[in-house]
Amino acid sequence: MSDTPQDPTSASAAAAAPEGGEAPAATPADPLTELQAQVAELQAKNAELAEQYLRAQADMQNTRRRAEEEISKARKFAVESFAESLLPVADSLEAGLAIQDATPEQIREGAQATLRQLKSALERNKVLEIAPAAGTKFDPHHHQAISMVPRPEGSQQEPNTVVSVLQKGYSIAERVLRPALVTVAAPQ
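The structure reproduced in this document is the subject of the present report. (Residues numbered from 1 in each chain as written. Predicted model: local features only at pLDDT ≥ 70, side-chain atom pairs only at ≥ 80, totals over all residues. Heavy atoms only, no water.)

## Observations regarding the overall build of the protein
Basically, it comes down to this: Numbering of helices and strands runs from the N terminus; a helix is a DSSP stretch of H or I covering at least four residues, while a strand is a stretch of E covering at least two. Contacts are residue-level and defined by heavy atoms, with any inter-residue pair within 4.5 Å sufficient. Only the protein chains shown count as cover for residues, and all accessible areas are computed by the Shrake-Rupley method using a 1.4 Å probe.
A count of helical and extended segments in the protein gives four helices and six strands. Listing each helix as α and each strand as β along the protein from the N terminus yields α-α-α-α-β-β-β-β-β-β. In the protein, the proportion of contacts linking residues at least 24 apart, taken out of those at least 6 apart, comes to 64%. In the form shown here, the protein has an accessible surface area of approximately 15,200 Å², with 57% of it arising from carbon and sulfur atoms.

## A few points about the sheet that holds strand 1 (residues 127–130)
Across a sheet, strands are paired by hydrogen bonds formed along the backbone, either parallel or antiparallel in direction. Going by this rule: When DSSP locates at least two bridges between a pair of strands, those strands are taken to pair. The convention used is that axes are lines fitted to C-alpha atoms, helices contributing only their stretch in contact, and that angles between N-to-C directions extend from 0 to 180 degrees.
Pairing within the open sheet is antiparallel, and its three strands lie in the order 1-4-5. With partners counted over all chains shown, the strands left at the sheet margins are strand 1 and strand 5 (175–178), one partner each. Averaged over all pairs of adjacent strands, the angle between strand axes in this sheet comes to 35 degrees, irrespective of strand direction.

## Section: the pairing of strand 6 (residues 180–185)
So the rule is basically this: Only protein chains enter the area calculation, which uses a 1.4 Å probe; residues under 20% of their type maximum are buried, those over 50% are exposed, and those in between are partly exposed.
For strand 6, the buried fraction is high: five of the six residues fall into the buried class. In this structure, strand 3 (residues 162–167) lies alongside strand 6, joined through four bridges in antiparallel fashion. Across the sheet, residue Val-165 finds its bridge partner in strand 6, namely Val-182.

Following this line, the structure appears as structure tokens:
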């Protein structure tokens, strides 16, 4: 032991020091340094988020552009399969017209075969006939009444039902392209 008197401030500093032997750095500049470090960290995070935002925005614009291009192509080529299914019908009509000395029976047979081809092509493309049978309830969503006719004497036909079809209607995917033109039984 030495007989030198100890400095009271060094003794209190030694008492406050942790067991590791280092004193905590408590200087007035530390809060400023900590705040500057936090600001720098927040600025870096802000720059990172801004970059992520710009990339997300660019991705969204690219996705929108691709979707618009796909829609444009779909519109442009939507009728391609339909037109493709009608080509045999056109071929049949041309072949029928090429025959110079066809008999009326041959013309009729050819027309019937061509009509079957056309109906088949329409059905494959989900274009369906609207041809209500006589006595069917009038449906303004699928039928267009041309006239109302009195019910025939002794007829069991109900009022507001189809009497006859003047022109078939057509629908595509449950959407009416053209309503069927019908006459309807008048109420008594």
